[in-house]
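# Chains, contacts and geometry: an overview
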Amino acid sequence: MKTFRKIFFSLAFALSSIINIGYAADLVIGVGSEATTMDPHFYNLGPNTEITESVFDRLVHHDADINAVPGLAESWSIAEDGITWTFNLRKGVTFHDGSSFTAKDVIFSFDRLPKVLNSPSSFEKFLRLIDNVTVLDDYTIRITAKSRSPLLLNDLEQIAIVPASLGLKQAESYNDGSAMIGTGPYKFVDWKRGDSVILAANEDYWGEKPIWKKVTFKALTNNTSRTSALLAGDVDVISFVPTVDIKRLKEDERVSVQQRAGTRLLYYHLDQQSRPSPMVRGLDGKALPENPLANVLVRKALSKAINRNVIVERIMDGVGIKASQLMADSFLGTNPDLKPEPYDPEGAKALLAEAGYPNGFGLTVHGPNNRYPNDAKIVQATAQMLTRIGIDAKVETFPKNVYFGKASGLEFSMMLVGSSGNSVLELQTYVLNTYNKAEGLGAVNRGRYTDAEHDRLLAEARVSLEDEKRAAMLRKASAISIGRDQAILPILYFVNSWASRKGFVMNPQAGDQTRPMDITPDS
């Protein structure tokens, strides 16, 4: 059967290549995780921004190494006080409806963020550093920050600019296309939920002209279907290449595989609140009066029980790097003293006994089943590993559109999640700072970890514009939250993988998004 499938796909691929000889004006991308909204301000989720980044520009963009570069702001400067920023906006930029881009559109976009209704993950947090914004003229704005902060540019990279002329449209108007008017390299054409998003080239784009006349993002959430579609010539590029297929595709002369170590960490958040945890139970099946996950010895035991070698080598087929902290060693502020937790089931049992749970307890491990490569398999494997140290572990997974709402609603006790950012400071602030909605801190701190000294170090780092001083503070903060307190259990850093048909070249960024701007014809 396998031989027949191989012959079938080989013939199909050869035929499609003959038909498509020459320069392809159209591009079809098979994506492993589909968008849930077209509104660039509604839901801060990777598959959503993957689409909207092509339609809507930001004041600040980032390059392939996630360094800040000019976007709709062609330049900026910061005053000696460290809090007053002046941004010079590009002239001659037009929206897709032909109207001119000016400072009023920036003000409107900022003002819209907190007014978007029912957001499951709001972009409002990216305004937390801003005290006020002043329009100096149509092409100059002044942002006064609440304090000195190296994260302001990072935050501005996240805020899509929409036209003020639209008025306060809600997500429905973006989802049906009527409000999908940006300044980006591609224009919105159509969205069929569960199937595809279609974009067309914006020939009047202010920057590097789009290469592709038409771009289709095809939702192929099933791993086998995604690889099959590539080999059959139905799509030109696929993201999230199934790890089991990478070796075979690398040996296939008709396709090429591109890989790059990414910025996304896969980790477990553990509920650490001082009250009974929702998915923890006694061995008799009844709720426990206390939360064992609030005990650092228990968290350490769970970490020792997880065999990261098995997850990386067997489940991920070697396409991953064992993780020890929020970002890999090459980023400013990582702590070289933190190492991946060694697999030690006997040590884990000893820690459980020391914590007062010699016979373990019951725990449900939760995760998504269509967001990250092999996510459901990793959750299942983790539960099996926990069982070996006496934890009565059960598994429950959900599609991502259900899962993350439940996780943000604190319905889980041990949950698999991923986070990606442009800096250690950014991730520390959002993942491990004490949750404070008003100040935009700890926005994805779903375990509700809290430590005063850790927060103090992060607060100092957020106002330091000196790299080395900031890095020292971040190293200390990580030593507390991850090293001492086991606030999260880092599992792996993804090595992102794409595969493309002959004639198409993927130029991957450090992030895991797949953008038409990063795909070129093979010269």
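Residues numbered from 1 in each chain as written. Predicted model: local features only at pLDDT ≥ 70, side-chain atom pairs only at ≥ 80, totals over all residues. Heavy atoms only, no water.

Right, let's get into the overall build of the protein chain. Per the secondary structure count, the protein chain includes 15 helices and 20 strands. Each principal axis of the C-alpha atoms in the protein chain carries an extent, and together these give about 70 × 70 × 40 Å. The contacts of the protein chain with a sequence gap of at least 6 include a subset with a gap of at least 24, amounting to 70%. Total accessible area computed for the protein chain in this model is approximately 21200 Å², and 51% of it derives from carbon and sulfur atoms. (Helix = DSSP H or I, 4+ residues; strand = E, 2+ residues; numbered from the N terminus. Contact = heavy atoms within 4.5 Å. Areas by Shrake-Rupley, 256 points an atom, 1.4 Å probe, with all protein chains shown as cover.)

Caution applies to low-pLDDT regions: their predicted coordinates should not be interpreted in detail. Looking at the protein chain as a whole, its pLDDT mean stands at 92, while 95% of the residues score no less than 70. The low-confidence segment residues 1-24 (pLDDT under 50) makes 25 contacts with residues lying over four places distant or belonging to another chain. (pLDDT = per-residue confidence, 0-100.)

Ranked by size, the top nonpolar core spans 134 residues in total, and within it L59, F110, Y268, L302, F361 and M414 carry the most contacts. Sequence-distant contacts of Y268, that is, excluding residues within four places in its chain, are made with I306, V365, I378, V379, T382, M414, M415, L416, I488, L489 and I491. Within the second largest apolar cluster, 13 residues are counted, among which are L230, L231, I238 and V241. (Core = buried A, V, L, I, M, F, W, Y, C linked by side-chain atoms within 4.5 Å. Buried < 20%, exposed > 50% of the residue type's maximum accessible area, 1.4 Å probe, protein only.)

On to the packing of aromatic side chains. Scanning the entire structure with this criterion turns up 14 aromatic pairs. Between Y357 and F361, the aromatic rings sit 5.4 Å apart at their centres with planes inclined by 70°, giving edge-to-face as the arrangement. As far as the burial class goes, Y357 and F361 line up, both buried. Ring geometry for Y403 versus F412: centroids 5.3 Å apart, planes at 20°, classification stacked. Owing to a relative accessible area of 3%, F412 belongs among the buried residues under this scheme. Grouping aromatic residues by their ring pairs yields a cluster made of Y372, F398, Y403, F404, F412 and F494. (Phe/Tyr/Trp six-rings, centres within 6.5 Å; stacked < 30°, edge-to-face > 60°.)

Take the environment of L457 next. Structurally, the position occupied by L457 is in helix α14 (residues 452-461). L457 gets classed as buried once you look at its relative accessible area, which sits at 5%. Between the C-alpha atoms of L457 and D138, which are 319 residues apart in sequence, the distance is 39 Å. Here L457 is in contact with M473, K476, A477 and I480, once residues within four sequence places are set aside.

Next up on the list: the pairing of strand β18 (residues 488-501). The element β18 is largely enclosed, with a buried count of 14 among its 14 residues. Where strand β11 (residues 237-239) meets β18, three bridges bridge the pair, whose relative direction is antiparallel. Among the inter-strand pairings, V237 is bridged to a residue of β18, identified as S500. Pairing of strand β12 (residues 255-270) with β18 involves 12 bridges; the strand directions are antiparallel. (Pairing = 2+ DSSP bridges.)

Turning our attention to the packing of helix α13 (residues 424-432) against helix α15 (residues 467-484). For the pair α13 and α15, the least separation of the axes is 10 Å and the interaxial angle reads 35°. Remark: the crossing between α13 and α15 carries left-handed chirality. Residues V424, L425, Q428 and L432 of α13 form the contact with α15, whose own contacting residues are R470, L474, A477, S478, S481 and I482. (Axes fitted to C-alpha atoms, helices over the stretch in contact; angles between N-to-C directions. Left-handed = near helix turned anticlockwise from the far one by under 90°.)

With that settled, consider the sheet that holds strand β7 (residues 140-145). Overall, antiparallel pairing links the four strands, which are arranged β4-β5-β7-β6 in an open sheet. Strand pairing shows two members of the sheet lacking a second neighbour, β4 (73-78) and β6 (130-137), which therefore form its edges. For this sheet, the mean angle separating the axes of adjacent strands, direction not counted, is 20°. When strand β5 (residues 84-89) meets β7, the two strands line up antiparallel, connected through five bridges. From the neighbouring strand, T86 faces β7, where its bridge partner is R142. Across the sheet, helix α3 (residues 103-112) touches β5, β6 and β7, and the angle it forms with β6 is around 160°.

Another point: α15. Across its 18 residues, α15 extends 24 Å between first and last C-alpha, which sits within 8% of the 26 Å expected from 1.5 Å per residue. When the local axis directions of α15 are compared, the greatest deviation, roughly 25°, occurs at S478. Structurally, α15 contributes buried residues whose contacts are with α13, α14 and β18. Positive phi shows up at Q486, right after α15, with a value of about 50°. (Expected span 1.5 Å × (residues − 1). Bend = angle between axes of the 7 residues up to and from the residue.)

This brings us to the side chain of S54. Tracing the backbone shows S54 in helix α2 (residues 46-55). Given a relative accessible area of 0%, S54 falls into the buried group. Setting aside residues up to four positions removed in sequence, S54 forms contacts with G184, P185, Y186, L199, P516 and M517.

With that settled, the discussion passes to the pattern of salt bridges. Here the structure, examined in full by the defined rule, presents 22 salt bridges. Between R128 and D155 there is a salt bridge whose closest N-O contact spans 3.7 Å. Here the residue R128 occupies a position in the loop between α3 and β6, and D155 occupies one in helix α4 (residues 152-156), the gap between them amounting to 27 residues. The class for R128 is buried, based on a relative accessible area of 9%. Between R484 and D451 there is a salt bridge; the shortest N-O distance is 3.0 Å. Here the residue R484 occupies a position in helix α15, and D451 occupies one in the loop between α13 and α14, the gap between them amounting to 33 residues. On the accessibility criterion, R484 (47% relative accessible area) is partly exposed. (Salt bridge = Lys/Arg side-chain N within 4 Å of Asp/Glu carboxyl O.)

Let us look at helix α9 (residues 308-315). Those residues of α9 lying buried are R308, I311, V312 and I315. The buried residues of α9 occupy an angular sector of 120° when projected down its axis, which confines them to one face. Exposed residues pointing more than 90 degrees away from the buried face of α9 are listed as E313 and R314. Taking the backbone nitrogen of N309 as reference, a side-chain oxygen 3.2 Å away marks N307 as the first, capping residue of α9. Following α9 by one or two positions, D317 has its phi on the positive side, about 50°. (Arc of directions from axis to C-beta. Polar contact = N/O pair within 3.5 Å; in protein donor to acceptor, adjacent residues only side chain to side chain.)

Here the focus is the environment of E290. As for its position among the elements, E290 is in the loop between β13 (280-281) and α8 (296-305). Looking at E290, the relative accessible area reads 32%, which means it is partly exposed. Not counting residues within four places of it along the chain, the set of residues in contact with E290 comprises P276 and Y357. A distance of 3.1 Å separates a polar atom in the side chain of E290 from a polar atom in the side chain of Y357.

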